[in-house]
Amino acid sequence: MEHQTMQPDSPVLECVYSRPGTLTETRFHYCPGCGHGVVHRVLMEAVEELGIQGETIGVAPVGCSVFAYNYLDIDMQEAAHGRASAVATAVKRLLPDRYVFSYQGDGDLAAIGTAETIHTVNRGENILMLFINNAIYGMTGGQMAPTTLIGMKTTTSPLGRTVEASGFPLKITEMVATLPGAYYVSRNSVHTPGAVRHLKKAILKSFQYQKEKRGTCFIEVVSNCPSGWKMTPLEANRWMAEHMFPLYPPGEIKVPK
Amino acid sequence: MAIRGSVSFETEVCKGCELCIDACPQESLGLSSGINAQGYHYAVLVKDNCTGCVNCALVCPDAVITVYRENRKGGKAPVAVISNVTGNITVTLDDERKNP
Amino acid sequence: MKGNEALAEAAIRAGCRGYFGYPITPQSEILEYLALEGRSRGMIVLQAESEVASINMVYGGAGVGARVMTSSSSPGISLMQEGISYIAGAELPCLIVNVSRGGPGLGTIQPSQGDYFQAVKGGGHGDYRLLVLAPSSVQEMADFVFDAFDLADKYRSPVMILADGALGQMMERVSFREYDPAAHLVAKPWATTGKPVTRERNIITSLHIEPEKMEQINNRLQEKYRQMALHETRCEEFQTADAEYLIVAYGLAARIAQGAVEMARAQGIRAGLLRPVTLFPYPTDAIRALADRVRGVLVVEMNAGQMIEDVRLALEGRVPVRFYGRTGGIIPSPDEVLGALTKMVNEDVLHIEEVS
């Protein structure tokens, strides 16, 4: 940036926000407006603020965010589809003083990985489980997910999901919250500044609880998929708020007493 | 007088998703007329009333936004002094001084 | 000690830090022994919700640089195939124990050798191989654990101990070798332990989207397997120096075959036994070396005929190969094997008489 000559009375502006240094130089490949980018950013802001970059190990899923390890400047493992929480379990058990998180989409966590999800929480593993729920399988081209809404059109529910063919949207977060091993369960979104601030607080709290060995922290982020939903990012966020929030309402689902 | 602020964008990384434009309470942001090398119209400041509230940066999925804000509390040394932000600013601080 | 328990005790002494497994007959004693003994001696012992979860926990544990293992039996090993492929692709060291039982499907709980193909030829998807050790005694159930961990670390590759239900359950004397894990542990700078400022981040992955990179990785894996073939191939020979007829068998079948060889010798048949100890890399050269000296080879397995294909490959058609096997978890007796051997000998003699 060139330095202009400033008028004597012009105010000095400080930098109050910049891209976290805990992201790598590689820019995200995600579609424009995709919630993954915001979650990655907020997660790494939290890691930077807590000063735990050297002690954090993440586990990436299979899905659009399979390349998360290219963007987050921490040690990471790539897990098989659905297995991120099992991988994270072993990492945490063997390195109990590190901060360990798993990061999964709705197929990874609530379809193929359902058993691992339930049992990791049931064991109360001291990890943070991040669940990005956009009710669709983005990476593979927009197929139906367990969390897809009734009537929602996807490539495998082209006329809209029906109960007869495919059953009901799965509210896995509420199920997980019933388990005593779940210490903190929060549902968030990233479509407004306030929502993003709330997510960041939830993540910061989760790392603190992990330090205190309280049990599993489970954070769902209801998110968008502009490409899969065939909307612009703004339209997608509005649609999400209008249609997904009634079924998946953001809020603190389980908080410590 | 409102707190003064400004933002800068990594225009080559911005994908023109418009979430920042929607999030800005001051309607300070818009899309450029030109496109970057990726083929996207990118976000730019279109007004000079930015307050440095950070809302835009909070919702940005690609972390392209840096936010600056006037420090009225004083005492602290500035982290960065804003000078020329991007080539796309239509109103500069100097101009604002001249045209209140 | 019981085979399963000897194996478990050896794991503790070999410095195994994490065991992740699921009960299945006939190897649940491994998990049970470690749940008590392992935990009390500092091992993480976790009964997972399935074999799928177990193998993925092994992946995570191996990725942080710890010595980790799992064990199961045939149907459970099938469940682990995806995870094993990932472990091989991500170049992670670990030990996987298969205490085989009769199959296919739910099968029986009786011992078998029906998982040879699965263990040696792949099992999971992609161009990888497991280094496979086949014990034939409780002593080897223990000894091979130390070897397996050392080999896994040496090659950054998963190693399998392929046993069977009988070996797991039988009781024999065993002595544990003097072994200080600290002297055997290798540095693992690639492990994900939390990145200090002094290095770039470590990534454990088997995903390589660019074809050139994926080919590079595959070439590296193949080179590993070539090195294994050069340096780690093991077999044992029993009375092969002057043998006219050779039995090739591994594991429990080899012990039975050895009994048959002794009985054959007593009847004047010059029989010998070659017992592969590593099933991959296979002792092809050792078998080939005997091809010029023997008139017939009998392969004895507790399956429908799997290792026989590797024997045929080694012999390249130079010697007739016969097969004797039992499935269903039935263990052949030395008499049965002797009968098959005698039949082969008689057919050979008949053939000579016809020709001359």
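This one's a predicted model, so the numbers in the text were calculated from it and none came from an experiment.

Let's shift gears to the overall build of chain A. Regarding its fold elements, chain A presents ten helices and eight strands. Taking the principal axes of its C-alpha atoms as reference, chain A extends roughly 70 × 45 × 35 Å. A burial count over chain A gives 57% of its 257 residues as buried. Within chain A, counting contacts between residues at least 6 apart in sequence, those at least 24 apart form 67% of the total.

Another aspect to go through is the overall build of chain B. The secondary structure content of chain B amounts to three helices and four strands. Secondary structure elements of chain B occur, N-terminal to C-terminal, as β-α-β-β-α-β-α. Evaluated residue by residue, chain B yields a buried proportion of 41% over its 100 residues. Of all intrachain contacts in chain B linking residues separated by at least 6 positions in sequence, the fraction that spans at least 24 positions is 66%.

A few words now on the interface of chain C and chain A. Interfaces are often sized by the accessible area lost when the parts come together. At the interface, 32 residues of chain C touch 28 residues of chain A. Breaking the side of chain C that touches chain A down by element, the ones donating at least two residues are strand 1 (18-21), strand 2 (44-47), helix 3 (51-63), helix 5 (81-89) and strand 7 (203-204) of chain C. Per-element tally for the side of chain C that touches chain A: the top contributor is helix 3 of chain C, with seven residues. Its residues placed into classes, the side of chain C that touches chain A shows 14 nonpolar, 13 polar and five charged. Looking at chain direction, strand 3 (residues 75-78) of chain A and strand 7 of chain C are connected through two bridges and run parallel. Bridging from a neighbouring strand, A:Gln77 pairs with C:Ile204 of strand 7 of chain C.

With that out of the way, let us pick up the sheet that holds strand 4 (residues 94-100) of chain C. The sheet built from seven strands is open, its strands ordered 2-1-3-4-6-5-11 (chain C) with mixed pairing. Only two strands of the sheet have a single partner each, and these edge strands are strand 2 and strand 11 (278-280) of chain C. Pairwise comparison of adjacent strand axes, ignoring direction, gives a mean angle of 20° for this sheet. As paired elements, strand 5 (residues 131-133) of chain C and strand 6 (residues 158-164) of chain C share three bridges and run parallel to each other. Bridge pairing in strand 6 of chain C links C:Leu131 to C:Val159. Along the sheet, helix 3 (residues 84-94) of chain A makes contact with strand 1 and strand 2 of chain C, crossing strand 1 of chain C at roughly 150°.

All names here are of chain C. With six of six residues buried, strand 10 (residues 271-276) is to be regarded as a mostly interior element. What you see with strand 10 is no split at all: Ala-271, Leu-273 and Arg-275 on one side and Gly-272, Leu-274 and Pro-276 on the other are buried throughout. By the bridge criterion, four bridges tie strand 8 (residues 235-238) to strand 10 in an arrangement that is antiparallel. Bridge pairing links Glu-237 to Leu-274 in strand 10. When strand 9 (residues 245-248) meets strand 10, the two strands line up parallel, connected through four bridges. Residue pairing across strands places Ile-247 opposite Leu-273, the latter belonging to strand 10. Handedness of the crossover joining strand 9 and strand 10 through helix 11 (residues 251-266) is recorded here as right-handed.

Turning our attention to the sheet that holds strand 9 of chain C. Residue and element names in this part refer to chain C. Taken together, five strands build an open sheet; the order of strands is 8-10-9-12-13 and the sheet is mixed. Each edge of the sheet is formed by a strand with only one pairing partner; in this case those strands are strand 8 and strand 13 (321-325). Going across the sheet, the axis of each strand differs from the next one's by a mean of 20°, ignoring polarity. Its contacts with the sheet put helix 11 on strand 8, strand 9, strand 10 and strand 12 (296-301), and the angle it makes with strand 10 is roughly 165°. Where helix 13 (residues 307-315) meets the sheet, its contacts fall on strand 9, strand 12 and strand 13, and the angle it forms with strand 12 comes to roughly 155°.

Residues and elements named next belong to chain C. Membership of the largest hydrophobic core comes to 222 residues, with the highest contact counts inside it found for Leu-95, Val-132, Ile-247, Ala-257 and Leu-341. Sort the elements by how many residues they give to this core and helix 7 (residues 138-155) lands first, with nine residues. Two domains each provide a minimum of three residues to this core, namely domain 1 (3-231) and domain 2 (236-355). Apart from residues lying up to four places away in sequence, Ile-247 is in contact with Ala-257, Ala-260, Val-261, Ala-271, Leu-273, Leu-298, Val-300 and Leu-341.

Per-residue confidence for chain A gives a mean pLDDT of 95; residues scoring 70 or more make up 96%. Every residue in residues 1-9 of chain A is under pLDDT 50, and counting partners more than four places away or in other chains gives nine contacts.

Definitions and limits used
Residues numbered from 1 in each chain as written. Chains lettered and ligands numbered in written order. Predicted model: local features only at pLDDT ≥ 70, side-chain atom pairs only at ≥ 80, totals over all residues. Helix = DSSP H or I, 4+ residues; strand = E, 2+ residues; numbered from the N terminus. Buried ≥ 20, exposed ≤ 12 C-beta atoms within 10 Å, placed from the backbone. Contact = placed C-beta atoms within 7 Å. Nonpolar A, V, L, I, M, F, W, Y, C, P; charged D, E, K, R; others polar. Pairing = 2+ DSSP bridges. Axes fitted to C-alpha atoms, helices over the stretch in contact; angles between N-to-C directions. Right-handed = clockwise from strand over helix to strand, strands pointing away. Core = buried A, V, L, I, M, F, W, Y, C linked by C-beta atoms within 7 Å. Domains from an automatic or database assignment. pLDDT = per-residue confidence, 0-100.

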